[in-house]
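Take a look at the letters that make up each chain.
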Amino acid sequence: MNTSARDLADNFDIEKLTPEFYANPYPTYRALREHEPVKHLPNGSYFLTRYDDLVGVYKNTKLFSSDKKKEFAPKYGDSMLYEHHTTSLVFNDPPAHTRVRRLIMGALSPRAIAEMEPDLIALVDRLLDGLAGKGDVELIEDFASAIPIQVIGNLLDVPMDEREPLRDWSLAILGALEPVIGPEVFARGNNAVRDFLAYLETLVERRRAKPGNSERDVLTKLIQGEDGGERLTAKELLHNCIFLLNAGHETTTNLIGNGLVALSGNPVEKKRLIDNPTLIKTAIEEFLRYESSNQLGNRITTEEVEIGGVQMLAGTFVTLCIGAANRDPAQFADPEHLDIGRTPNRHLAFATGPHQCAGMALARLEGAIAIARFLARFPGYELNGAPVRGGRVRFRGFLSVPCKV
Ligand code: HEM
């Protein structure tokens, strides 16, 4: 069916997405940007797709709040999921947000991240050895998802033999953030918060009894707080540890998976990167822009505001479409084209403003080491089956990518 751009924009409803949209949302995003950049949805919220509109909202935390209590109360009721999502820093405003962010940024300092590099290289090389031994591999399970889980496991110093459930917990909790969820997704997310909390309580108890090296171990750092200064409450500590794992896991898995799939579909860019490995830094930025692993952000207006000529009342829900803004021709030349050398590339994959991703330096390092070393080892890799999408609108990535190395 050849649907016109006007129809795509008119009929867009975040609560009624089609399989075609999940496979490729970009024609819809383009149609919205061109015809209804401040789209009023049937549920009363607005959906923004222009780069400049997103930047304006992200930077103005006074008019656009991240506090999700009003949004999540009807969605989650009085549940563990509600407690979790409303306690994590990303869904709070100052001053709660500022306190927690300062502690987390202290734990993710450039020095702490630089110190992770040798372990990260060793981990990636071990995984690559495993792939070489198999030949036919599953890129997500065997490679992309294994990296961030181990990195965050190291960050919190979770014992190796206790890491197995982390990935499923994280997928379940983030799955419940999709715009529309059924009872099963809710129950899975809620049970995951319950089990994850129970596990972390024992981990924190053990760490309090035997502190680790606070230069390397974020959990010890968060327990100890700032010298003579801020500390997290017990509840904040547990929920923000869960958030750290969740924030850094699926997003980074998707960066690695999306990057390798995008290259396999763009042989010219793939060869360009293999021939010029120093382009890895700009290539990572381009993968983040071209197939942003986190496609949506949300805010709520605190006062009556105007965006792009549209007036909104206080208390209006606004969705920020990063995936659309990152292909806005007003900001990016030839935006539908993958260009691994693109400069400048001021994409919004990590958002911007006071909530800008606290782990972006780590995500960039993981992405660069994983993709550069994979390409150096397996320059002739090829997909040998259809990749399976995660079927989510917020987190864009693959569940599985069959591949021959
Ligand atoms: C490719 C990988 C990643 C992407 C695309 C990504 C994207 C984002 C985005 C868009 C936000 C802003 C959310 C909002 O305010 O609406 C965010 C926040 C955050 N991210 Fe990431 N992220 C990634 C990896 C990581 C990693 C590896 C960590 C840490 C280990 C991390 C930790 C955080 C934290 C703590 C916040 C909350 C910051 C705040 O509210 O002040 N992220 N991320």
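Refer to the structure presented above.
Cut-offs used in this document
Residues numbered from 1 in each chain as written. Predicted model: local features only at pLDDT ≥ 70, side-chain atom pairs only at ≥ 80, totals over all residues. Heavy atoms only, no water. Buried < 20%, exposed > 50% of the residue type's maximum accessible area, 1.4 Å probe, protein only. Helix = DSSP H or I, 4+ residues; strand = E, 2+ residues; numbered from the N terminus. Pairing = 2+ DSSP bridges. Salt bridge = Lys/Arg side-chain N within 4 Å of Asp/Glu carboxyl O. Near = heavy atom within 4 Å. Polar contact = N/O pair within 3.5 Å; in protein donor to acceptor, adjacent residues only side chain to side chain.

Judged by how many residues are buried, strand 8 (residues 317-321) sits mostly within the fold: four of five residues are covered. Note that strand 2 (residues 46-48) and strand 8 share three bridges and pair parallel. Within the sheet, the bridge partner assigned to Y46 lies in strand 8 and is V318. Bridge count between strand 5 (residues 296-301) and strand 8: five bridges; the pairing is antiparallel. Counted as the bridge partner of L296 is C321 from strand 8.

Our next topic: the pattern of salt bridges. The tally for this structure, following the rule as stated, stands at 27 salt bridges. The partner of R167 in a salt bridge is E141, and the shortest N-O contact between them spans 3.7 Å. Of this pair, R167 sits in helix 11 (residues 166-175) while E141 sits in helix 9 (residues 139-144), and the two are 26 residues apart along the sequence. Residue classification places R167 among the buried residues on the basis of a relative accessible area of 18%. One salt bridge connects E286 with R342, and the closest N-O pair in it is separated by 3.0 Å. Within this pair, whereas E286 is found in helix 16 (residues 280-290), its partner R342 is found in the loop between helix 17 (322-325) and helix 18 (360-377), the two being separated by 56 residues in sequence. You'll find E286 and R342 in the same group, each marked buried.

Strands pair in a sheet through their backbones, by hydrogen bonds, and they do so in one of two ways: parallel or antiparallel. On the basis of which strands lie adjacent, the open sheet formed by three strands has the order 4-12-9 and antiparallel pairing. Edge positions in the sheet fall to strand 4 (136-138) and strand 9 (382-383), since each has one partner strand and no second. One ladder, built from two bridges, connects strand 9 with strand 12 (residues 402-404); its direction is antiparallel. Opposite L383, over in strand 12, you have C403 as the bridge partner.

The subject of this paragraph is the site of the ligand. In the vicinity of the ligand lie 27 residues, with H97, R101, R299, H355 and C357 positioned nearest. Within the side chain of H97, a nitrogen or oxygen atom sits 2.6 Å from an oxygen atom of the ligand. Note that an oxygen atom of the ligand is positioned 3.0 Å from one of the side-chain N or O atoms of R299. Here the shell around the ligand takes seven residues from helix 14 (residues 234-264), the largest share from any one element.

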